[in-house]
Amino acid sequence: PASVVRNMCFMDIDLLTSTRTFLAQHHLFTPTARLVVAVSGGPDSLALLHVLVRLRAAGGPQLHVAHLDHGFRGADSAADAAFVHDQATLWQTPISVEHQDVPALAQAWRLSPQAAARRARYAFLARVACAVGADAVVTAHQADDQAETVLLHALRGAGPAGLRGMRPRVPWAAWAHERSDLNPAPPPALLRPFLAVARATIVAYCSASGLTPRDDPSNRAAYYTRSQVRATLLPAFHALNTNAIDALGRTAAICADDYAFMQGCLDAIWPTLVLGEPGWLSFEQRVWGTLHVALQRYALRRAVALLGQAELSFAQIEAARACAADGPGKRLNLGSELVLETEYTRFLLRRRTTPAPNNAPQLAQVSLTLADGSTPLGNGWFCIVQAEPPAQPSSWWIGLVGVASKPLALRRRRPGDRMRPVGGSGSRKLQDLFVDRKVPRAQRDAWPLLVVEDAIAWVAGLHADARFAVPPEQATIWVGIVPQ
């Protein structure tokens, strides 16, 4: 009927116009731009490629098709790859096709088949994008996919980070992090031009355009949760609200804005909250304690991502928050890869294989005989013995007198160690002195003690013994502990 033809024409124009507008918004509707188009052969990706080929003829970007055969369906997967290759050739578009044994990769990576497929697919797209010098990678995720994603995340108990679903534009670092060995300049973003387009519109476009996409029956397999959401949950939502797809899309957009706002708040506080090096991050407890619980959760999730680890569960995040608030000397294993350790003024989040950073001297051996000059302690610290006072007074230097003929040494603490700190009354246990000065428990055993004939003269940087301390002008030997 004429009305159906008119509706198809309007739909055709809308799909072309919306895609052209999307590309223009991202400064990519130009013949000098180059897009890598992920094409599986299904209706969504075939329609996307067809639209982009038409836009290319109207002055749009150059195209390069990328197809990954995941190896899940044997001959059928190979037939999909051949179909996409033939279609790209017909439309005079260069193509990269690759086969991977994703079932084997899933076992090796200890991931679900879908998670392994996603990882392999995005790594492949990143390689192709770098090889052809692409300005962006485009995928055919559409509005129904977005609705399914929001519902899946809601079922798992997600916050705004999950309920925002997929984003129309994802920067390179967020989508291609699995390929950190690649460093394209400029880095291509991942774009989803169809994210606001309903699946029914795309199917109608394929029919009106004479396209015959491939069918992947695994998309309907009941053992995939997404397939169950698609077959049962979305129709139930649609029965209650015929605009359910749009409503879930709005939820994703609102949550994306809320998430961006929270990340901006976290960006503002991050420099005063966190210090770190590869393998570990240190959180300032004074700043941490002022954060709203929502920002604490986001901060931990960001830290885990920066350490290159898989996202923590809500239970793990809450356990980490509780441990951080539980005082110094606590330790929490977060999965098999991460450790959280609390100190007096900070807590550390580090990979299990990365040693905790030392911001204080630590003796690498049980005892160490000292001589004039510089003696390495280990971990980048040195002990200096000299006749002259230091250029700048410091608690990390002590002046002594009357010890020139006596042996000097550094040693670690022993059970029952005591000393008579300057300004105190009587002797005290070293353990109590360490607690008073809030020395992290992990640093106490290897903390350097200066001994004269086996009597403790100085707990380096903290306390001098009253029997050895002298006014600076009387000192004839100076001992200092200094970093490299």
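All values derive from a computational prediction rather than experimental measurement.

Quick word on the sheet that holds strand β3 (residues 95–99)
One open sheet holds the six strands; their spatial order is β3-β2-β1-β4-β6-β5, and the pairing between them is mixed. Either end of the sheet is taken by a strand with one partner, and the two such strands are β3 and β5 (169–170). As judged from the three bridges shared by strand β4 (residues 136–138) and strand β6 (residues 189–191), these two strands associate in the parallel manner. Opposite V137, over in β6, you have L190 as the bridge partner.

A closer look at the packing of helix α4 (residues 102–109) against helix α5 (residues 113–132)
At their nearest, the axes of α4 and α5 sit 9 Å apart, and the two run at 105 degrees to each other. Relative to α5, the element α4 is oriented roughly perpendicular. For the pair formed by α4 and α5, the contact residues are V102, L105, A106 and W109 on the first element and P113, A116, A117, R119 and A120 on the second. Residues that form the contact of α4 with α5 fall into these classes: eight nonpolar, no polar and one charged.

A closer look at the sheet that holds strand β9 (residues 331–334)
Sheets are built from strands paired through backbone hydrogen bonds, the pairs being either parallel or antiparallel. Read from one edge of the open sheet, five strands run β7-β8-β11-β10-β9, paired in antiparallel fashion. Unpaired on one side and paired on the other, β7 (274–277) and β9 mark the two borders of the sheet. Recorded for the sheet is a direction-independent mean angle of 15 degrees between the axes of neighbouring strands. The sheet contact formed by β7 and strand β8 (residues 280–284) spans four bridges and is antiparallel. Each residue of the ladder has a partner; that of E277, found in β8, is W280. Most of the contacts of helix α13 (residues 293–306) go to β8, to which it runs at about 160 degrees, and overall it touches β8, β10 (338–342) and β11 (346–351).

Thoughts on the pattern of salt bridges
Across all of its chains, the model carries 22 salt bridges by this definition. One salt bridge in this structure joins D144 and R199, with 3.6 Å as the shortest N-O distance. You can see D144 sitting in helix α6 (residues 143–155) and its partner R199 sitting in helix α9 (residues 199–208), a full 55 residues away along the chain. Here D436 makes a salt bridge to R428, at a shortest N to O gap of 2.8 Å. Taking the relative accessible area as the measure of exposure, D436 reaches 46% and is therefore partly exposed. Here R428 falls in the partly exposed class, since its relative accessible area comes to 31%. One salt-bridge network, in which partners are shared between bridges, spans D144, D145, E148, R199, R226 and R230.

Observations concerning helix α2 (residues 43–57)
The terminal C-alpha atoms of α2, which comprises 15 residues, lie 21 Å apart, in line with the 21 Å expected from a rise of 1.5 Å per residue. Within α2, twelve of the 15 residues are buried, which leaves it mostly tucked inside the rest of the structure. Restricting attention to buried positions, one finds in α2 the residues D44, S45, L46, A47, L48, L49, H50, V51, L52, V53, L55 and R56. G59, located one to two residues past α2, shows a positive phi value of around 100 degrees.

Overview of the confidence of the model for the protein
Here the protein shows a mean pLDDT of 91. Residues at 70 or above account for 96%. Residue range residues 1–8 is modelled with pLDDT below 50. Its contacts to residues more than four positions away, or to other chains, number one contact.

Observations concerning the side chain of D69
Along the chain, the position of D69 falls in strand β2 (residues 62–69). No salt bridge is formed by the buried D69; its nearest oppositely charged neighbour, R73, is found at 7.1 Å.

The rules we used
Residues numbered from 1 in each chain as written. Predicted model: local features only at pLDDT ≥ 70, side-chain atom pairs only at ≥ 80, totals over all residues. Heavy atoms only, no water. Pairing = 2+ DSSP bridges. Helix = DSSP H or I, 4+ residues; strand = E, 2+ residues; numbered from the N terminus. Axes fitted to C-alpha atoms, helices over the stretch in contact; angles between N-to-C directions. Parallel < 35°, antiparallel > 145°, perpendicular 65-115°, else oblique. Contact = heavy atoms within 4.5 Å. Nonpolar A, V, L, I, M, F, W, Y, C, P; charged D, E, K, R; others polar. Salt bridge = Lys/Arg side-chain N within 4 Å of Asp/Glu carboxyl O. Buried < 20%, exposed > 50% of the residue type's maximum accessible area, 1.4 Å probe, protein only. Expected span 1.5 Å × (residues − 1). pLDDT = per-residue confidence, 0-100. Lys, Arg positive; Asp, Glu negative; His and termini not counted.

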